[in-house]
Amino acid sequence: MKNKVMMIGAIDAGKTTLVNELVDIGTKARKTQSLEYHDWVVDTPGEYTENPLYYKNIMATSFQVTHVAYVQDATTHKNIFPPGFGGGVPKLPIGIITKADAKGADIERSFNILKRVMLRGPVIITSVVNKTGLKHIQPLVICNSLLEMKAYAEKHNDPLLLYVE
Ligand SMILES: Nc1nc2c(ncn2[C@@H]2O[C@H](COP(=O)(O)OP(=O)(O)OP(=O)(O)O)[C@@H](O)[C@H]2O)c(=O)[nH]1
Ligand SMILES: [Mg+2]
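Going by an unreviewed UniProt entry, the protein carries the name Ethanolamine utilization protein EutP and comes from Pseudogracilibacillus auburnensis. Entered under Sequence similarities (unreviewed entry) in the UniProt record, the comment concerning the protein runs "Belongs to the EutP/PduV family."

The structure is reproduced here in structure tokens:
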């Protein structure tokens, strides 16, 4: 299977905006209504993560990907992931903090939320407005293990790329 990442996270977290930037779709993000498959990224509606009735869809779709990205909006204190959610998803985890540029963005708060959700793995601090952090996403999706992702993070020594042990 070609390495692929599924983006999950709250409604309005910025998943589609990020995906559009990564796969260069050239359209503005509209509310996501269903699973959307792109080359190496699967976008999901925020409802899938916010409503436990949809967890089975997340689990079923996770069989089609190698990585799951937990997307957390830096501008909100709202954590819609149940604690340890990532522990039940047997895929390589990537944490993505979005909207780092925005007024009221709190990176530390988002990092603490993601730590509790994914338990371990890399966390990338991104902004689509400033185009920061984005370049790390695809190389991490190419990695085939936590060890490889950790080595990538260590090699880059970038304050926008953290690693949770
Ligand atoms: N300032 C800022 N705003 C952003 C950024 N990324 C996304 N947004 C805004 O966040 C809002 C929601 O973005 P979407 O990409 O549609 O969010 P989503 O997670 O796909 O939402 P659903 O499809 O409903 O699950 C939009 O108004 C975006 O412009 C960012 O990096 N910086
Ligand atoms: Mg969307």
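There is more to say after this.
Now for the site of ligand 1. By nearness alone, 19 residues border ligand 1, and Lys15, Thr17, Gly46, Asp101 and Val128 come closest of all. Between ligand 1 and Ala13 there is a distance of 3.2 Å, counted from an oxygen atom to a backbone nitrogen or oxygen. Separating an oxygen atom of ligand 1 from a backbone N or O atom of Val128 is a distance of 2.8 Å. In the complex, 78% of the free accessible area of ligand 1, which totals 660 Å², lies under the protein chains. No other element matches helix H1 (residues 15-23), which puts three residues into the shell around ligand 1. Across the shell around ligand 1, the residue classes tally to eight nonpolar, six polar and five charged.

Rules used throughout
Residues numbered from 1 in each chain as written. Chains lettered and ligands numbered in written order. Predicted model: local features only at pLDDT ≥ 70, side-chain atom pairs only at ≥ 80, totals over all residues. Heavy atoms only, no water. UniProt positions renumbered as here; feature names shortened; annotations may be inferred. Near = heavy atom within 4 Å. Polar contact = N/O pair within 3.5 Å; in protein donor to acceptor, adjacent residues only side chain to side chain. Areas by Shrake-Rupley, 256 points an atom, 1.4 Å probe, with all protein chains shown as cover. Helix = DSSP H or I, 4+ residues; strand = E, 2+ residues; numbered from the N terminus. Nonpolar A, V, L, I, M, F, W, Y, C, P; charged D, E, K, R; others polar.

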